[in-house]
Amino acid sequence: HDSSKMGFLVKGKPLSWKESDKVREYVKKHGVEQFIHIWKKNKDREDLDFLWGDEVEGFLCQLTEKEGKKAIKLSLRGSEVLEKLKEAEKEETEKAEEKAGCGTCPPSVIFHPEYGCFMIETTPSAPYGGFVRDLRCVEANMRLRRAK
């Protein structure tokens, strides 16, 4: 089992809101059980570098106006938007690598599907390391992701 992919939806597509509601409690329970299992298995390891990251989750919304009334609706176009973001990021990666501020910062971002088809998650393209200097990279990378 490849734990580097754990948590990311790599096959299939996100569930609709109605479909996800049916399995929400199962996902919560088994997510906690999975975390506890992994923690117990690895809590005493000392042979690995300390690598960490973060994620920014976004909801896809559409602002509509009809007869002077404004409404916000969830957009269920996550798969379509995700593909466009991935393609744009692929084209911009080289530019971002040239502009990487402190040299150790992840130069770009990765877009992932999230729990519902109205959500997208972004993470740094590489994990942060275990040094104080890595903390300087977090805000810059979050700004980069939000700008996308």
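Preceding block: the structure.
Criteria and cut-off values
- Residues numbered from 1 in each chain as written.
- Predicted model: local features only at pLDDT ≥ 70, side-chain atom pairs only at ≥ 80, totals over all residues.
- Heavy atoms only, no water.
- Buried < 20%, exposed > 50% of the residue type's maximum accessible area, 1.4 Å probe, protein only.
- Helix = DSSP H or I, 4+ residues; strand = E, 2+ residues; numbered from the N terminus.
- Pairing = 2+ DSSP bridges.
- Salt bridge = Lys/Arg side-chain N within 4 Å of Asp/Glu carboxyl O.
- Patch = residues over 30% accessible without salt bridge, like charges linked within 9 Å, V, L, I, M, F, W, Y side chains within 5 Å.
- Areas by Shrake-Rupley, 256 points an atom, 1.4 Å probe, with all protein chains shown as cover.
- Core = buried A, V, L, I, M, F, W, Y, C linked by side-chain atoms within 4.5 Å.
- Contact = heavy atoms within 4.5 Å.
- Axes fitted to C-alpha atoms, helices over the stretch in contact; angles between N-to-C directions.

Peer 1: It is not clear to me how the pairing of strand E5 (residues 119–124) should be interpreted in this structure. Could you clarify?
Peer 2: For a regular strand, side chains alternate in direction, first toward one face of the sheet and then toward the other. For E5, a buried count of six out of six residues is recorded, marking the element as mostly surrounded by other parts of the structure. Bridging between strand E1 (residues 56–59) and E5 involves four bridges; their strand directions are antiparallel. Bridge pairing links Gly58 to Ile120 in E5. Here strand E4 (residues 109–113) pairs with E5 via five bridges, running antiparallel. Directly across from His112, in E5, lies its bridge partner Glu121. Counted between consecutive antiparallel strands, the loop separating E4 from E5 contains five residues.

Peer 1: Explain the pattern of salt bridges here, please?
Peer 2: Pairing is possible between side chains that carry opposite charge, provided their charged atoms lie close to one another. This structure, assessed with the given rule, holds nine salt bridges. For Asp44, the salt bridge identified is with Lys43, shortest N-O distance 3.8 Å. Relative accessible area serves as the criterion here: at 43%, Lys43 is assigned to the partly exposed category.

Peer 1: Whenever I open this one, a nonpolar patch on the surface confuses me. Can you help?
Peer 2: Together, Val32, Phe35, Ile36 and Trp39 make up a nonpolar patch on the protein surface, roughly 440 Å² of accessible area in all. Structurally, Ile36 can be placed in helix H1 (residues 17–42). Assessed through its relative accessible area of 39%, Ile36 is described here as partly exposed.

Peer 1: What should I look at first to understand the nonpolar core in this one?
Peer 2: The nonpolar side chains of a soluble globular protein tend to be buried with one another. By size, the foremost hydrophobic cluster in this structure holds six residues: Leu60, Leu82, Leu85, Val109, Phe111 and Ile120. Of all the elements in the fold, those that place two or more residues in this core are helix H2 (78–99) and E4. The contacts of Leu60, once residues within four sequence positions are left out, are Lys73, Leu74, Ser75, Arg77, Gly78, Val81, Cys117, Phe118 and Ile120.

Peer 1: Please clarify how the sheet that holds E1 should be interpreted in this entry.
Peer 2: Pairing between the strands of a sheet comes from backbone hydrogen bonds, and it takes one of two forms, parallel or antiparallel. An order of E1-E5-E4 is seen for the three strands of this open sheet, with the pairing classed as antiparallel. Taken across any chain shown, the strands that pair with only one partner, and hence form the sheet edges, are E1 and E4. Each adjacent strand pair in this sheet contributes to an overall mean axis angle of 25 degrees, direction not counted. Contacts from helix H3 (residues 132–147) reach E1, E4 and E5, with the element oriented near 145 degrees to E5.

Peer 1: I'm lost on unusual backbone geometry in this one. Help?
Peer 2: Excluding glycine, residues mostly carry a negative phi; peptide bonds, for their part, are mostly trans. The phi dihedral of Glu67 is positive, around 55 degrees, even though this residue is not glycine. Mapped onto the elements, Glu67 comes out in the loop between strand E2 (61–66) and strand E3 (69–74). The exposure class of Glu67 is exposed, given its relative accessible area of 77%.

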